[in-house]
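Below are the chains, spelled out letter by letter.
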Amino acid sequence: MDRKERIIEEIQNSQRPISASTLAKLLHVSRQIIVGDIALLRASGMKILATPRGYVLERKANGLEKKVAVSHTRERMQEELYAIVDQGAEVLDVIVEHPTYGQIVASLQLSSRYEVDQFISKIEGNEPLSELTHGVHLHTIRCKDEEMFQRVQASLQEKGLLYRPET
């Protein structure tokens, strides 16, 4: 079995996202080699997502996926993510509209307070994408059904986090 096949096998068999550093140790190569192999695997059509916690294979969507527009300061990021996952939904990504690059999408794959807390601790000392757009951004949310999505929106609205353009 070659290294790329082992990478796919390790990602498939892992119950959690697996980092490039972990893969590098397992396969006795550098992290850069793993990152390059992942790029080649993606180019060949493999649906490998890079999350803040590591690599995962893209899953078939179960339930409903919708986008929600939000706006808040950096200090309210955890509150916003909790408002979504506390309703049982999953935050799939964050999307911002950049004036030069257009739409920038980063995979998050957050479905619990624990995962939100891990993400928040990783982003400390770094600039979140939403700061590029003065707090305005989108999230793709995966919900069991429309009722769950309505609860997510109501929670965000109650906390004043839903984006409402100035008129």
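To start, this report covers the structure provided alongside it.

Conventions we followed
Residues numbered from 1 in each chain as written. Predicted model: local features only at pLDDT ≥ 70, side-chain atom pairs only at ≥ 80, totals over all residues. Heavy atoms only, no water. Buried < 20%, exposed > 50% of the residue type's maximum accessible area, 1.4 Å probe, protein only. Helix = DSSP H or I, 4+ residues; strand = E, 2+ residues; numbered from the N terminus. Pairing = 2+ DSSP bridges. Arc of directions from axis to C-beta. Phe/Tyr/Trp six-rings, centres within 6.5 Å; stacked < 30°, edge-to-face > 60°. Lys NZ or Arg CZ within 6 Å of the ring centre and 35° of its normal. Axes fitted to C-alpha atoms, helices over the stretch in contact; angles between N-to-C directions. Contact = heavy atoms within 4.5 Å. 1 Å grid on protein atoms, 1.4 Å probe; cavity = no way out; pocket = protein on both sides within 12 Å on 5 of 7 lines; lining within 4 Å. Points joined across faces, edges and corners; volume = space filled by probe spheres on them. Nonpolar A, V, L, I, M, F, W, Y, C, P; charged D, E, K, R; others polar. Salt bridge = Lys/Arg side-chain N within 4 Å of Asp/Glu carboxyl O.

Let's talk about the pairing of strand S6 (residues 136-143)
Part 1 of the reasoning: Within S6, six of the eight residues are buried, which leaves it mostly tucked inside the rest of the structure.
Part 2 of the reasoning: In this structure, strand S3 (residues 64-71) lies alongside S6, joined through eight bridges in antiparallel fashion. Looking at S6, one finds that Lys 66 is bridged to Ile 141.
Part 3 of the reasoning: Of the pairings in the sheet, the one linking strand S4 (residues 90-98) to S6 comprises five bridges and is antiparallel in character.

Let's talk about helix H1 (residues 3-13)
Part 1 of the reasoning: Those residues of H1 that fall on the buried side of the exposure criterion are Ile 7, Ile 8 and Ile 11. Down the axis of H1, the buried side of the element spans an arc of 95°, and every buried residue falls inside it.

Brief notes about the packing of aromatic side chains
Part 1 of the reasoning: Inspection of every chain in the model, using the stated rule, returns zero aromatic pairs.
Part 2 of the reasoning: Seen from the ring of Tyr 82, Arg 113 lies directly overhead, with NZ or CZ sitting 3.8 Å from the centre.

Examining the sheet that holds strand S5 (residues 102-110)
Part 1 of the reasoning: The antiparallel open sheet is built from four strands, whose spatial order is S3-S6-S4-S5. Looking along the sheet, the strands with just one partner apiece sit at the ends: S3 and S5. Sheet twist, expressed as the average angle between the axes of neighbouring strands with direction ignored, equals 25°.
Part 2 of the reasoning: In this fold helix H4 (residues 77-85) packs onto S3, S4, S5 and S6, with an angle of close to 25° to the strand it touches most, S6.
Part 3 of the reasoning: Here helix H6 (residues 146-158) sits on the sheet and contacts S3 and S6; the angle it forms with S3, its principal contact strand, is near 5°.

A look at the layout of surface pockets
Part 1 of the reasoning: The volume enclosed by the largest pocket comes to roughly 580 Å³.
Part 2 of the reasoning: Along the wall of the largest pocket there are 22 residues; nearest its centre are Arg 16, Pro 17, Arg 53, Val 56 and Arg 59.
Part 3 of the reasoning: Estimated volume of the second largest pocket: approximately 260 Å³.
Part 4 of the reasoning: Breaking the lining of the second largest pocket down by element, the ones donating at least two residues are H4, S5, helix H5 (113-123) and S6.
Part 5 of the reasoning: In terms of residue class, the lining of the second largest pocket is made up of 10 nonpolar, six polar and three charged.

As for unusual backbone geometry
Part 1 of the reasoning: Even without being a glycine, Gln 109 presents a positive backbone phi close to 55°.
Part 2 of the reasoning: Looking at where Gln 109 falls in the secondary structure, it is placed in strand S5.

With respect to the pattern of salt bridges
Part 1 of the reasoning: For the coordinates displayed, the defined rule picks out nine salt bridges.
Part 2 of the reasoning: Of the charged contacts in the structure, one is a salt bridge between Glu 79 and Arg 76, with a shortest N-O distance of 2.8 Å.
Part 3 of the reasoning: Using a relative accessible area of 31% as the deciding quantity, one classes Glu 79 as partly exposed.
Part 4 of the reasoning: On the basis of relative accessible area, Arg 76 is assigned to the partly exposed category, the value being 26%.
Part 5 of the reasoning: A salt bridge links Glu 90 to Arg 142, with the shortest nitrogen-to-oxygen separation between them at 3.3 Å. Linking Glu 90 in strand S4 with Arg 142 in strand S6, this pair joins segments that are 52 residues apart in sequence. Residues Glu 90 and Arg 142 agree in their burial class; the two are buried.
Part 6 of the reasoning: Among the charged side chains, a network of salt bridges with common partners joins Glu 65, Glu 90 and Arg 142.

With respect to the pairing of S4
Part 1 of the reasoning: Burial analysis of S4 places eight of its nine residues in the buried class, the great majority of the element.
Part 2 of the reasoning: With seven bridges connecting them, S4 and S5 associate as antiparallel partners. When the bridges of S5 are listed, Val 91 appears paired with Leu 110.
Part 3 of the reasoning: Following S4, the chain reverses through three residues before pairing antiparallel with S5.

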